[in-house]
Amino acid sequence: MGVKSFGGTETYLRGSTTSYTQQPIFFTTGVSTTSAGVYCYKNSGSAAGYCDDYSLIKLS
C-alpha cells in the first residue's frame, strides 16, 4: 500500500505477512496540495493480495 500525488515523494510499504496487521504510512501534504492518492498494489504472481479498512488521521 502507498500514498502519492500529495505534493511530496511517493511513499509505500511492502507487506509480506499472511495475516492482517496495521501498518502506518506517514506523509505531509505540500503547501497548496489538499489531496492524496492512497492505493493498494499487488505484485504479479499467483498469491492473493488484500487491503482494507484504511483510516486517515490528521496529526498536528
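Predicted, not measured: the structure shown is a model, and the values here were computed from it. (Residues numbered from 1 in each chain as written. Predicted model: local features only at pLDDT ≥ 70, side-chain atom pairs only at ≥ 80, totals over all residues. Heavy atoms only, no water.)

**Student:** Give a detailed account of the state of the cysteines, specifying residues and quantitative values.
**Tutor:** Tallied over the entire structure, the rule returns one disulfide. Cysteine 40 shares a disulfide with cysteine 51; S-S distance 2.1 Å. Between cysteine 40 and cysteine 51 the disulfide shows an S-S torsion of about 70°. By sign, it is right-handed. One end of the pair, cysteine 40, is in the segment after strand S3 (37–39); the other, cysteine 51, is in the segment after S3, and 11 residues separate them in sequence. Cysteine 51 gets classed as partly exposed once you look at its relative accessible area, which sits at 35%. (Disulfide = S-S within 2.5 Å. Helix = DSSP H or I, 4+ residues; strand = E, 2+ residues; numbered from the N terminus. Buried < 20%, exposed > 50% of the residue type's maximum accessible area, 1.4 Å probe, protein only.)

**Student:** Before we move on, can you summarise the packing of aromatic side chains with the specific residues and values?
**Tutor:** In total, this model carries one aromatic pair according to the counting rule given. When the ring centre of tyrosine 39 is taken as origin, the NZ or CZ atom of lysine 4, which lies over that ring, is 5.4 Å away. (Phe/Tyr/Trp six-rings, centres within 6.5 Å; stacked < 30°, edge-to-face > 60°. Lys NZ or Arg CZ within 6 Å of the ring centre and 35° of its normal.)

**Student:** Which residues make up the sheet that holds S3, and what are the values?
**Tutor:** Within the open sheet, the three strands sit side by side as S2-S1-S3. Their pairing is antiparallel. This sheet does not close on itself; its edge strands, each paired only once, are strand S2 (11–12) and S3. Pairing geometry for strand S1 (residues 2–4) and S2, over two bridges, is antiparallel. Bridging from a neighbouring strand, valine 3 pairs with threonine 11 of S2. (Pairing = 2+ DSSP bridges.)

**Student:** Give me the lowdown on the environment of glutamine 22, citing residues and values where you can.
**Tutor:** Within the secondary structure, glutamine 22 sits in the loop between S2 and S3. Classification of glutamine 22 as exposed rests on a relative accessible area of 82%. Residues glutamine 22 and tyrosine 12, 10 residues apart in the sequence, show an inter-C-alpha distance of 14 Å.

**Student:** Describe a nonpolar patch on the surface, and please don't skip the residues or the numbers.
**Tutor:** A surface patch of nonpolar side chains, amounting to about 390 Å² of accessible area, comprises Phe26, Ile57 and Leu59. Within the secondary structure, leucine 59 sits in the segment after S3. (Patch = residues over 30% accessible without salt bridge, like charges linked within 9 Å, V, L, I, M, F, W, Y side chains within 5 Å. Areas by Shrake-Rupley, 256 points an atom, 1.4 Å probe, with all protein chains shown as cover. Salt bridge = Lys/Arg side-chain N within 4 Å of Asp/Glu carboxyl O.)

**Student:** Describe unusual backbone geometry, listing the residues and the values that go with them.
**Tutor:** Non-glycine residue serine 5 carries a positive phi angle of around 60°. Mapped onto the elements of the fold, serine 5 is located in the loop between S1 and S2. Although it is not a glycine, aspartate 53 adopts a positive phi angle of roughly 55°.

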